[in-house]
Amino acid sequence: NAQLETLNNRLREIQPQFDHAMERYTKLSNDANSLIFDLQLKTCDLTDNIKLISQGGAPEFKRRRQGAGHRRTTMAASREARAKVFKHVENLMKDLDVSDLPTDPYDDTPLNTGQSGNAAKEPGCLSIKFLDDCERDIKKLRVLKSEKMLSNVEKC
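This section reports on the structure supplied with the text. Fair warning: this is a prediction, and the values are worked out from it, not measured in the lab.

### Side note on the overall build of the protein chain
Looking only at helices and strands, the protein chain features 4 helices and 2 strands. The order of helices and strands in the protein chain, counted from the N terminus, is α-α-α-β-β-α. Across the 156 residues that make up the protein chain, the buried fraction comes to 36%. In the protein chain, the share of contacts with a sequence separation of at least 24, taken over all contacts with a separation of at least 6, comes to 68%. Total accessible area on the protein chain is roughly 10600 Å²; 52% of this is exposed by carbon and sulfur atoms.

Structural data, given as structure tokens:
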């Protein structure tokens, strides 16, 4: 039960960061898709980050429901509950590109979930670096849209 409580505490620490990253990802995805539509851009004209964030939309993640009430649990059920919470925490941390989660719920050695190279190679990655890169590319698209609008006004 102590391990399960530790994992639940870790989940409570990570969840706000994950939720914020999901909101940001969704906003960037919507912005990218509207700019691509407005500018009538082809896929070959887009950066890899914009391609990735515009294709996927919001990544699908299941929300974990909290169990209702206190129940007497067996060792196997307790072990299974720890494994589920651990897997959930591990997936959140991988998506957020965090690197200090133990590899096994019974092991204290850290797991290096930090990805080598560009974070954009992983679909659904919610790392700050990937989202910052997408934001930078979207700003470039906004500038391009503004320039096109100005050139259209000058033609009139």
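### Topic: the packing of helix 1 (residues 2–39) against helix 3 (residues 75–96)
Relative to each other, helix 1 and helix 3 sit at 30 degrees, their axes nearing to 9 Å. Looking at the two axes, helix 1 sits roughly parallel to helix 3. The two elements helix 1 and helix 3 meet at a crossing, and its hand is left-handed. Side by side, helix 1 and helix 3 meet where Gln3, Leu4, Leu7, Asn8, Arg10, Leu11, Ile14, Gln15, Gln17, Phe18 and Ala21 of the first sit next to Ala81, Arg82, Val85, Phe86, His88, Val89, Leu92, Met93, Asp95 and Leu96 of the second. Residues of the contact of helix 1 with helix 3, tallied by class, amount to 13 nonpolar, 5 polar and 3 charged.

### So, the pattern of salt bridges
Enumeration over the complete set of coordinates arrives at 10 salt bridges. The salt bridge involving Glu13 is made with Arg10; its shortest N-O contact spans 2.9 Å. Note that Glu13 and Arg10 are positioned in helix 1 at a spacing of 3 residues, about one turn of the helix. Arg10 sits in the partly exposed class, given a relative accessible area of 22%.

### A word on the nonpolar core
If you look at the biggest cluster of nonpolar residues, it comprises 30 residues, and the most contacted ones within it are Ile50 and Leu126. Broken down by element, this core gets its largest block of residues, 13 residues, from helix 1.

### A word on unusual backbone geometry
Here the phi dihedral of Gln40 falls at roughly 55 degrees; this positive angle occurs in a residue that is not glycine. With respect to the helices and strands, Gln40 occurs in the loop between helix 1 and helix 2 (48–56). Residue Gln40 is classed as exposed on the basis of its relative accessible area, which comes to 69%.

### Quick look at the packing of helix 1 against helix 4 (residues 128–155)
Contact geometry for helix 1 and helix 4: axes closest at 10 Å, N-to-C directions at 30 degrees. One finds that helix 1 runs roughly parallel with respect to helix 4. Crossing hand, helix 1 versus helix 4: left-handed. Note on element contacts: helix 4 touches helix 1 through Ile128, Phe130, Leu131, Asp132, Cys134, Glu135, Ile138, Leu141, Arg142, Leu144, Lys145 and Lys148, opposite Ala21, Arg24, Tyr25, Lys27, Leu28, Asp31, Ala32, Leu35, Asp38 and Leu39. Classifying every residue of the contact of helix 1 with helix 4 by side-chain character gives 13 nonpolar, no polar and 9 charged.

Parameters at a glance
- Residues numbered from 1 in each chain as written.
- Predicted model: local features only at pLDDT ≥ 70, side-chain atom pairs only at ≥ 80, totals over all residues.
- Heavy atoms only, no water.
- Helix = DSSP H or I, 4+ residues; strand = E, 2+ residues; numbered from the N terminus.
- Buried < 20%, exposed > 50% of the residue type's maximum accessible area, 1.4 Å probe, protein only.
- Contact = heavy atoms within 4.5 Å.
- Areas by Shrake-Rupley, 256 points an atom, 1.4 Å probe, with all protein chains shown as cover.
- Axes fitted to C-alpha atoms, helices over the stretch in contact; angles between N-to-C directions.
- Parallel < 35°, antiparallel > 145°, perpendicular 65-115°, else oblique.
- Left-handed = near helix turned anticlockwise from the far one by under 90°.
- Nonpolar A, V, L, I, M, F, W, Y, C, P; charged D, E, K, R; others polar.
- Salt bridge = Lys/Arg side-chain N within 4 Å of Asp/Glu carboxyl O.
- Core = buried A, V, L, I, M, F, W, Y, C linked by side-chain atoms within 4.5 Å.

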